[in-house]
Amino acid sequence: MSTAHNNDKPEVQHVDHVHAAGEDTLDSEKQDIYAGKIDPETAKYLDPTLVIDEALNKQIKRLVDFRILPFLLLIYFCQTFDKATLAFSSIMGLQQDNNLQGQQYSTLGTILYAGYLIGEIPVNRILQKTPIGKFMGILVTIWGTIVCMHAVCKNFGGLMAVRFLLGLFESGVQPALMLLTTMYYRRNEHPTIISYWYGMQGAQLCVSGLIAFGLTYVQSSPLRQWQCLFLIVGLFTVVVGIATFILLPDSPMKAKQKTMIIERLRINEQGVQDSRWKWEQMWEAFRDPAVWCYWIMQIAGFIIVNGLAVFANIIVKGLGFTVRQTQLLNLAQGGFSLIIYFGTAWVARLTNQTCLVLVGTMTIALAGTVVLLTVPVSPKTAPGLLLAFYFANFVIAAGSLLYSIVTRNVAGQTKKATTSAMLFVTYGAGCIIGPQVFRAKDAPRYKLAFAVHIGLYAFFIVMTLILRVIFMRRNHVRRRDHEGTAQTGVEQIDHDQAFADLTDLQNKRSFRYVY
């Protein structure tokens, strides 16, 4: 099958040959297998002569969607569901029953990410070495149990302990889901697939809002409303964890149609798996300016995202809405979030301009934040300010779009693991800082926090444009130096080293950046 891409320069057609391999391709791959460059388990199931036409491609994708996508959705739904319980319980009596004072509630939003940050240090290496299905099943089950334990807490110290442990055991989720996405899907599919599982944040807002709204009518139960919320959410997570342990495959090599799944990914030039640690790839990640752009964008984006997430209900209630109205309004926010995730992913895939779409979404969020900062609260302005808050939530697309850029533009298993660790350490750092920007004495408008957010938006936009320039320059140099082009204006690429575990910087002949 041949596919054409023109995401770099419209005048250059990029043609990928992913079937009917010639003798040179076969010989090159055999040499890589003999030299040990290809993961031994992967090498058993390679067949570069396999024809992946459009019909077979769709058949394989449907199979992968059926077996893998439900777990991506459920696991991320549970993670966002579990973290959101703090925001919902904040107006259900949690603060009063546990005698939280001053910045203690903000600290509960922060401590989770301290655990997350510590967990990120080993988790990416563990994911590279262990069966991912079993590992994720155990993690989800443990953290679901920890969510249930919130219900027995009676003071700040107890809540701090369970929030820290929750972050520690949730630290593997997003790296694992990014790894599963690259393991099973083609690069052009990443924005859509990541938006699907990332969009579970919007879905959980709708579900959490309904549950929290229903619990406001619970008056005679021996359990407090917020305790019921933690138990419902935690028990559901435990069930998902057990199902994940039993049913989620550990890799494409454990699936029934191994060769077809693997060969479908040849076009990615990113391999599938390799448990060997390669120090040169780790050092390359540290030296790559593109990786540092990801790093900076991640911390800037999630200072904003997590601050808004932890204080969302408090901000909305501060606009003059009652507790029940605030819980119900989460349905609207959740629906709006789904539109943001799916809409931005659709536009990014349609235009092949993910970086520019990211700039556009952050500009919309910036405009919403300016309104929140400058317009005074009154019964007349409350609906408009609520809409501005929803527009400020366009920032949530920073996560899904940035991750789709990273998964498509980093190759080499050790480099991917290193980059992932760097990203999610800064994710934890950003989420630690985020709630602290919202000071108790600034409630309910939090003008200082919104002013900080405005500066971070501008910084994020500049870094996104710098990243785009880096990718454009690299692709230009590779097109200029590429040999074997059959005709003017057509760049022909044969993926004969797709599984040799080369990094994106090493694989200058076949790897092209998409942005």
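What counts as what
Residues numbered from 1 in each chain as written. Predicted model: local features only at pLDDT ≥ 70, side-chain atom pairs only at ≥ 80, totals over all residues. Heavy atoms only, no water. UniProt positions renumbered as here; feature names shortened; annotations may be inferred. Salt bridge = Lys/Arg side-chain N within 4 Å of Asp/Glu carboxyl O. Helix = DSSP H or I, 4+ residues; strand = E, 2+ residues; numbered from the N terminus. Buried < 20%, exposed > 50% of the residue type's maximum accessible area, 1.4 Å probe, protein only. Core = buried A, V, L, I, M, F, W, Y, C linked by side-chain atoms within 4.5 Å. Contact = heavy atoms within 4.5 Å. Patch = residues over 30% accessible without salt bridge, like charges linked within 9 Å, V, L, I, M, F, W, Y side chains within 5 Å. Areas by Shrake-Rupley, 256 points an atom, 1.4 Å probe, with all protein chains shown as cover. Axes fitted to C-alpha atoms, helices over the stretch in contact; angles between N-to-C directions. Parallel < 35°, antiparallel > 145°, perpendicular 65-115°, else oblique. Left-handed = near helix turned anticlockwise from the far one by under 90°. Nonpolar A, V, L, I, M, F, W, Y, C, P; charged D, E, K, R; others polar. Phe/Tyr/Trp six-rings, centres within 6.5 Å; stacked < 30°, edge-to-face > 60°. Lys NZ or Arg CZ within 6 Å of the ring centre and 35° of its normal. Expected span 1.5 Å × (residues − 1).

The protein chain appears in an unreviewed UniProt entry as Major facilitator superfamily (MFS) profile domain-containing protein from Kwoniella dejecticola CBS 10117. Looking at the protein chain in UniProt, the text filed under Subcellular location (unreviewed entry) is "Membrane". Looking at the protein chain in UniProt, the text filed under Sequence similarities (unreviewed entry) is "Belongs to the major facilitator superfamily. Allantoate permease family."

A. Spatial organisation of the pattern of salt bridges. If you walk through the whole model with that rule in mind, you get nine salt bridges. Two residues, R266 and E263, come together in a salt bridge whose shortest N-O distance is 2.8 Å. The shortest N-O distance in the salt bridge between K415 and D288 comes to 2.9 Å. Of this pair, K415 sits in helix α20 (residues 413-436) while D288 sits in the loop between α14 (279-287) and α15 (289-317), and the two are 127 residues apart along the sequence. The two residues K415 and D288 agree in class, both being buried. Salt bridges linked by common partners bring E284, D288, K415, R474 and D504 together as one network.

B. Highlighting the nonpolar core. Ranked by size, the top nonpolar core spans 145 residues in total, and within it L72, M136, W197, Y294 and Y403 carry the most contacts. For this core, the element with the highest residue contribution is α15, accounting for 15 residues. Ignoring sequence-local partners within four residues, the contact set of W197 consists of L72, L73, Y76, L177, M178, T181 and Y403.

C. Molecular detail of a nonpolar patch on the surface. Together, I138, I142, I242, F245, I246 and L247 make up a nonpolar patch on the protein surface, roughly 530 Å² of accessible area in all. Going through the elements one at a time, α7 (132-149) and α12 (225-247) are the ones with two or more residues in the nonpolar patch. Here the nonpolar patch takes four residues from α12, the largest share from any one element.

D. Structural context of the packing of α14 against α20. Packing of α14 against α20 brings their axes to within 8 Å, and their N-to-C directions diverge by 45 degrees. Classed by the angle they form, the pair α14 and α20 counts as oblique. The handedness of the crossing between α14 and α20 comes out as right-handed. Taken together, the residues of α20 that come into contact with α14 (itself represented by Q281, M282, E284, A285 and F286) are Q413, T414, K415, T418, T419 and M422. Here the residues of the contact of α14 with α20 sort into four nonpolar, five polar and two charged.

E. Structural context of the environment of V140. The topology assignment puts V140 in helix α7. Ignoring any residue separated from it by four or fewer positions in sequence, one finds V140 in contact with I75, T237, V240 and G241.

F. Region of interest: the packing of aromatic side chains. For the structure on display, the rule yields 23 aromatic pairs. Centroid distance F77 to F81: 5.0 Å. Interplanar angle 45 degrees. Geometry classified as tilted. Of this pair, F77 and F81 both sit in helix α4 (residues 69-89), four residues apart, which is roughly one turn of that helix. Side by side, F77 and F81 carry an identical accessibility label, which is buried. Feature note: the residues Y76, W197, Y198, F302, Y341 and Y403 constitute an aromatic cluster, connected by ring pairs. In this arrangement the basic side chain of K134 is found over the ring face of F245, its NZ or CZ atom lying 5.8 Å from the centre.

G. Inspection of α7 at higher detail. For α7, built from 18 residues, the straight-helix expectation of 26 Å at 1.5 Å per residue is met to within 8% by its first-to-last C-alpha distance of 26 Å. Where α7 is concerned, the buried positions are I132, G133, F135, M136, G137, L139, V140, W143, G144, I146, V147 and C148.

H. A look at the packing of α4 against α12. Interaxial distance between α4 and α12 falls to 10 Å at its minimum, and their mutual angle equals 165 degrees. The angle between the axes of α4 and α12 places the two elements in the roughly antiparallel class. For the crossing formed where α4 meets α12, the hand is left-handed. For the pair α4 and α12, the contacting residues are F71, L74, I75, F77, C78, F81, D82, T85, L86, F88 and S89 in the first and W226, L229, F230, V233, F236, T237, V240, A243, T244 and L247 in the second.

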